[in-house]
Amino acid sequence: MASSSQRVEKPVSPEPQAEPGPEPGPGRELQSWQWLVFYLCFYGFMSQMRPGESFITPYLLSPAKNFTKKQVTNEITPVLSYSYLAVLVPMFLLTDYLRYKPVLLLQGLSYIAVWLLLLFGDSVLHMQFMEFFYSLTMAARIAYSSYIFSLVRPAQYQRMAGYSRSAVLLGVFTSSVLGQLLVTVGKFSFTTLNYISLAFLTFSLILAMFLKRPKRSLFFNRSEPAHGEASPSELDKMHPGPGQPAGRKLCGTPLAGWRDWILMRMLWELGASLRLPQLRLWSLWWVFNSAGYYLIVFYVHILWNDIDPTKDTTKVYNGGVDAASTLLGAITAFTAGFVKVQWALWAKLIIGAVTAVQAGLIFLMHKTGSIWLCYMAFVLFRGFYQFLVPIAIFQIASSLSKELCALVFGINTFLAIVLKTIITLIVSDKRGLGLHVRSQFLVYFGYFVLLSIAYFLGAVLGTLWHFLRSHHQPLPLAQELRSPSEEKAAQLLSLQDGVLNNLQPETTTLAPEDGAWTTGPVLRDQREAKA
């Protein structure tokens, strides 16, 4: 686990009088943590201040750049999917290996390169390079979300995640509103808006230079903590070898064997966890629905310009729509935390219903000639997706370790990008079908219809299976959207009451034991309870 900066630096402090005295320690630590929270949140907010981002597509189609819709749709935009796929895995590994801060600096430099190319580039090749640098910024977003957890204690993770996420959403919302006000009220040109964005991005790069570089990271930089420092990560607690206390690293020496290698241990654990039906379901949702979601997000601005190709920039409301969709997405994501549903029984039906509604909204965007109806449909489409995201995150992460969660989400995201890239190559790229943007949305409508049908069929078959099994043993309570602490407390209580023996096989992962290698989240909790 990551420790605070004060704990890391204490052993090398030249002043011996600073070590005794428990009273000033907590005060300085609290003050340091509060400053760290403020600075990280301020950086996260400022890094989202790109008021020209919502107007990139109309800017490229405007007389200032004079690209055609076909060039933007079939030659420029597809590069984003290809380059994102190419840089995602290397960026993920570099983020951990370089300990976050260098990747955040690279992200800031890439943003500046994007806007310099937007302002001074004048060819399709320049705009394709712009999309490449933008893909670097997208892949580097993991650095910020991972960085914040490397500097604070585990007890502060939940609060820190809430603060940082709120700062990012507030930054996106403020940036979109500011851009819309500058265009509609201030009558700023898109070019001026991009210069303002470049100024904000330069300032955020300066902020990134003063970020503290962590001493450790999740996978590559995993030094053994000294006495009194932060506790080891959850991965170090998984399956301790014979004679090793829980919490000690298994991969400290080459003699530990291939099973003690971090990657092999994680893959072994992941293979056992895939037996959980809820993990499989929500991972599939993440892959297939996220791929469709980002296809809509990437091409909807081109569709808006096709529906309303106005030359009056003051009547382009892309920023307002992005702000509204961000706000609705934040509200629906917050609401999802209070939804109490037996997800093991109703998840497929709910996912199918939401996906069917999204399909209807996509068809409305494809068919309508009203820009306002298209705006509204997109806001609702994005809100429905954001409603299911926190539910998916909890359902996937509730029974996995922190490191394994990172691996699962990384694999899911990568597979979603692979699928999106394949669809882009076939549907959008000029080397494929090269469809007009309206025809593309008709294809995306069919894609979401197929997904909803698959979910509904899965719900019907799953319901029949549960009812058939209910004649032989009672149906257990499904996992609700609860905090990880509540979930672990419930598991410990069920263990004490002896209820664990009556659970169905789908709700636990009862893998074969091989010495110290007992896999499965439930059995891991049992070991921790006995320790």
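Keep in mind it's a predicted model, so treat the numbers as computed, not measured.

Asks: So what's going on with the overall build of the chain? Which residues, and what values?
Replies: Counting secondary structure elements, the chain contains 19 helices and 2 strands. Looking at the chain residue by residue over its 531 residues, the buried ones come to 49%. Sequence-distant contacts in the chain: of pairs separated by 6 or more residues, those separated by 24 or more amount to 81%. Element-wise, carbon and sulfur atoms account for 68% of the exposed surface of the chain, whose accessible area totals about 24,900 Å².

Asks: Residues and numbers for the confidence of the model for the chain, please.
Replies: Across the chain, the average pLDDT comes to 77, with 69% of residues at 70 or higher. Low confidence marks residues 491–531, where pLDDT is under 50. Its contacts with residues over four positions away, or in another chain, come to 76 contacts.

Asks: For helix α12 (residues 277–307), give the residues involved together with the corresponding values.
Replies: Between its first and last C-alpha, α12 extends 43 Å over 31 residues, near the 45 Å set by a 1.5 Å rise per residue. A bend of about 45° at Y299 is the largest found in α12. With 24 of 31 residues buried, α12 is to be regarded as a mostly interior element.

Asks: So what's going on with the packing of α12 against helix α17 (residues 437–470)? Residues and values would help.
Replies: The contact between α12 and α17 brings their axes to 10 Å, and the two run at 155°. In terms of axis orientation, α12 runs roughly antiparallel to α17. Remark: the crossing between α12 and α17 carries left-handed chirality. Class assignment for the residues of the contact of α12 with α17 results in 19 nonpolar, 3 polar and 2 charged.

Asks: Describe the environment of F129, naming the residues involved and giving the relevant values.
Replies: Note that F129 resides in helix α6 (residues 124–139). Residue F129 is classed as partly exposed on the basis of its relative accessible area of 42%. Along the sequence, F129 and L117 sit 12 residues apart, while their C-alpha atoms lie 7.8 Å from each other.

Asks: Run through the packing of helix α4 (residues 69–97) against α6, naming residues and quoting values.
Replies: Taken N-terminus to C-terminus, the directions of α4 and α6 make an angle of 35°; their axes are 8 Å apart at the nearest point. As for how α4 packs across α6, the hand of that crossing is right-handed. Mapping the contact onto sequence places Q71, E75, I76, T77, V79, L80, S83, Y84, V87, L88 and M91 in α4 and V124, M127, Q128, E131, F132, Y134, S135, L136, M138 and A139 in α6. Of the residues contributing to the contact of α4 with α6, the split by class is 14 nonpolar, 5 polar and 2 charged.

Asks: If you had to explain α6 to someone new, which residues and values would you point to?
Replies: Helix length check: α6, at 16 residues, gives a terminal C-alpha distance of 23 Å against a target of 22 Å (1.5 Å per residue), a fit within 8%. Of all the positions in α6, only V124, M127, M130, E131, Y134, S135, L136, T137, M138 and A139 are classed as buried.

Asks: I'd like a rundown of the nonpolar core, residues and numbers included.
Replies: Ranked by internal contacts, the top residues of the largest apolar core, which has 118 residues, are L118, W282, W285, M365, F441 and Y444. When residues of this core are assigned to their parent elements, the largest contribution, 16 residues, is made by α12. Both of domain 1 (29–215) and domain 2 (274–472) provide at least three residues apiece to this core. Those residues in contact with W282 that sit more than four places away from it in its chain are W343, A347, I351, L388, I391, A392, Q395 and I396.

Conventions we followed
- Throughout, residues of each chain are indexed from 1 in the direction in which the sequence is written.
- Per-residue local features of the predicted model are confined to residues with pLDDT of at least 70, and side-chain atom pairs are confined, for both listing and counting, to 80 or more; whole-chain, interface and lining totals are unaffected and use all residues.
- The basis for the side-chain values is all heavy atoms of the structure; hydrogens and waters are excluded.
- Helix and strand labels come from DSSP, where a helix needs a run of H or I of at least four residues and a strand needs a run of E of at least two; each type is numbered from the N terminus.
- Under the scheme applied here, a residue whose accessible area is under 20% of the maximum for its type counts as buried, over 50% as exposed, and between as partly exposed, the area being computed with a 1.4 Å probe on protein chains only.
- Contacts between residues were defined by any pair of non-hydrogen atoms, one from each residue, lying within 4.5 Å.
- With residues, only the protein chains shown are counted as cover, and all accessible areas are computed by Shrake-Rupley using a 1.4 Å probe.
- Within a predicted model, pLDDT stands for the predictor's per-residue confidence, ranging from 0 to 100.
- To estimate the expected span of a helix, count its residues, drop one, and scale the result by 1.5 Å.
- At every residue, the bend is computed as the angle between two fitted axes, covering the seven residues ending there and the seven beginning there respectively.
- Only the contacting stretch of a helix is used when fitting its axis, a line to C-alpha atoms as for every element, and angles between N-to-C directions run 0 to 180 degrees.
- Note on angle classes: values under 35 degrees are labelled roughly parallel, values over 145 roughly antiparallel, values of 65 to 115 roughly perpendicular, and the remainder oblique.
- Throughout, a crossing is termed right-handed when the near helix is turned clockwise from the far one, and left-handed when it is turned anticlockwise from it by less than a right angle.
- Under the convention adopted here, Pro, Cys and the residues Ala, Val, Leu, Ile, Met, Phe, Trp and Tyr are nonpolar, Asp, Glu, Lys and Arg are charged, and Gly plus all remaining residues are polar.
- Residues enter a nonpolar core if they are buried and are Ala, Val, Leu, Ile, Met, Phe, Trp, Tyr or Cys, with the set joined through side-chain atoms within 4.5 Å.
- What fixes the domain bounds is an automatic or database domain assignment.

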